[in-house]
Amino acid sequence: MKHLFLTAFLAALLTGCNQKNTSQQESSGMTDSTTTSAAQPSGAPRLAERTAFQKEVDGKKADLFVLKNDKLTVSVTTYGGRLVNLLVPDRNGKPVDVSLGYNSLDGYLTNNESYFGTLVGRYGNRIAKGKFTLDGKTYSLPVNNGPNSLHGGKKGFNARIWNARQVDDKTLELTYVSKDGEEGYPGTLTTVVTYTLQDNGIRIDYRATSDKSTVVNLTNHTYFNLNGEGSGPIGDHLLTISADRYTPVDTTLIPTGELAPVEGTPFDFRKPTPIGQRADADHPQIKAGGGYDHNFVLNGGQTETPRRIATVESPQSGIVMNVLTTEPGVQFYGGNFLTGQEVGKSGKPYGKRHGFCLETQHFPDSPNQPDFPSTVLKPGQTYRTTTVYEFSTK
Ligand code: BGC
């Protein structure tokens, strides 16, 4: 018996050492927060295992990091900088994983199209026909969504291994250097994204610089379900968005250029409204998106510091999520294209509208829309935006 304990103890020690030695990432050192088993609150949904992510992609080893405080647990993989787990207490204090995704790297590799939990770049959302002109030169991007280029092209930042530096048990810094011409975009772009666990939420700071004029629009594509991932449709969630206007789209989801009032339309979320109430409304824009898949023009435009732009609450779990951002827009995507083929981390299928995204951003197709806030980044400038997802209960 004693021998068994000793063997187990030595094995545990060795595993710890291996994790440190085999990690290609620059890390400030092993803490409890980097070993998933130690970080798991009792009775909580299962956190992904670190070893299920320590696999090679394009010759670089992926990894998984955990940020944790007394209320929240967040795990992030360096593959796409994806948020893999987001554990939040419900109104009874029971931890709920409110983010859709997989518990292994293989899951994400097999289904890259849904963009679960991922950082998106260089250009979150669509660029019409995969073309734009900058300083008199026309650039062609890979077309991967009907006639358009979506979320940075065929192999965007979601499909890249980011370098990671775990600053402490609350902060993870991810860096990705995208070469000049990658996915058709000009300029070598260095992007640094920091995930910081706050008392009540997760803050995401985006920074980028380029050696040539280029366009950038970074976001995070987490699908939320405040009743817990895998628990069915999100139609009961009450959504509020501080937007008097939105950007109507054509049938390929490219903005027409108009900033249309939400007043009197299914896009009026200025007061808390169940997402499901008008998701199939007889409205041409709802038909175009197959439900909600639209950019909202946030009141107050781009700001220096993040301000609250949206709130979502689940009457069932009591979980309330506030979204704060410095960005001028947010894509509210209601999970219309989830099919149920995607079986998530707890073995349950993700069907149509079983999750929603609030992708803070500049407007879609801005490089082709001179009247939209500019997404051009010039050498010497620093792109900076911040978004916070904050949690409480009711
Ligand atoms: C887009 C959707 C798309 C989804 C997954 C969202 O940002 O607006 O149309 O299906 O991402 O790719």
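As a reminder, the structure under discussion sits directly above these lines.
Residues numbered from 1 in each chain as written. Predicted model: local features only at pLDDT ≥ 70, side-chain atom pairs only at ≥ 80, totals over all residues. Heavy atoms only, no water.

### Observations concerning the overall build of the protein chain
Looking only at helices and strands, one finds four helices and 31 strands in the protein chain. When each of the 394 residues of the protein chain is scored for burial, the buried share is 59%. Carbon and sulfur atoms make up 52% of the accessible area of the protein chain, which amounts to about 15,900 Å² in all. (Helix = DSSP H or I, 4+ residues; strand = E, 2+ residues; numbered from the N terminus. Buried < 20%, exposed > 50% of the residue type's maximum accessible area, 1.4 Å probe, protein only. Areas by Shrake-Rupley, 256 points an atom, 1.4 Å probe, with all protein chains shown as cover.)

### What to know about the site of the ligand
In the vicinity of the ligand lie 13 residues, with R126, H151, H221, D293 and E359 positioned nearest. Measuring from an oxygen atom of the ligand, one finds a side-chain N or O atom of H151 at 2.9 Å. Contact between the ligand and H221: an oxygen atom at 2.7 Å from a side-chain N or O atom of the residue. For the ligand, whose free accessible area comes to 310 Å², the fraction covered by protein is 95%. Considered class by class, the residues forming the shell around the ligand number six nonpolar, three polar and four charged. (Near = heavy atom within 4 Å. Polar contact = N/O pair within 3.5 Å; in protein donor to acceptor, adjacent residues only side chain to side chain. Nonpolar A, V, L, I, M, F, W, Y, C, P; charged D, E, K, R; others polar.)

### Notes on the nonpolar core
Note that soluble globular proteins tend to have their nonpolar side chains buried in a common cluster. I241, M321, F332, L358 and F391 are the most contacted members of the largest nonpolar core, which totals 58 residues. The residues touching F332, leaving out its near neighbours within four places in the chain, are L239, I241, F269, I275, Y292, D293, H294, F296, F356, C357 and L358. If you look at the next biggest cluster of nonpolar residues, it comprises 20 residues, including A48, Y79, A159 and Y223. (Core = buried A, V, L, I, M, F, W, Y, C linked by side-chain atoms within 4.5 Å. Contact = heavy atoms within 4.5 Å.)

### Some thoughts on the side chain of T222
Structurally, T222 is set in the loop between β18 (219–220) and β19 (238–241). On the basis of relative accessible area, T222 is assigned to the buried category, the value being 1%. Apart from the residues lying within four places of it in its own chain, the contact partners of T222 are L83, S99, G117, T118, F356 and C357.

### Here's the deal with the environment of L100
Within the secondary structure layout, L100 lies in the loop between β7 (95–97) and α3 (105–110). Distance in space between the C-alpha atoms of L100 and K345 is 7.6 Å, their sequence separation being 245 residues. Excluding residues that lie within four positions of it along the chain, L100 makes contacts with F116, Y223, F224, N225, E229, L338, K345, Y350, H354 and G355.

### Overview of the sheet that holds strand β21 (residues 260–261)
Pairing is antiparallel across the open sheet formed by five strands, whose spatial order is β21-β20-β23-β26-β29. If you trace the sheet from one side to the other, it starts and ends with β21 and β29 (357–361), each paired once. Inspection of the sheet shows strand β20 (residues 245–247) paired to strand β23 (residues 293–297) by three bridges, in the antiparallel sense. Within β23, the position partnered with T247 by the bridge is N295. (Pairing = 2+ DSSP bridges.)

Any functional reading would require information beyond the geometric quantities listed.
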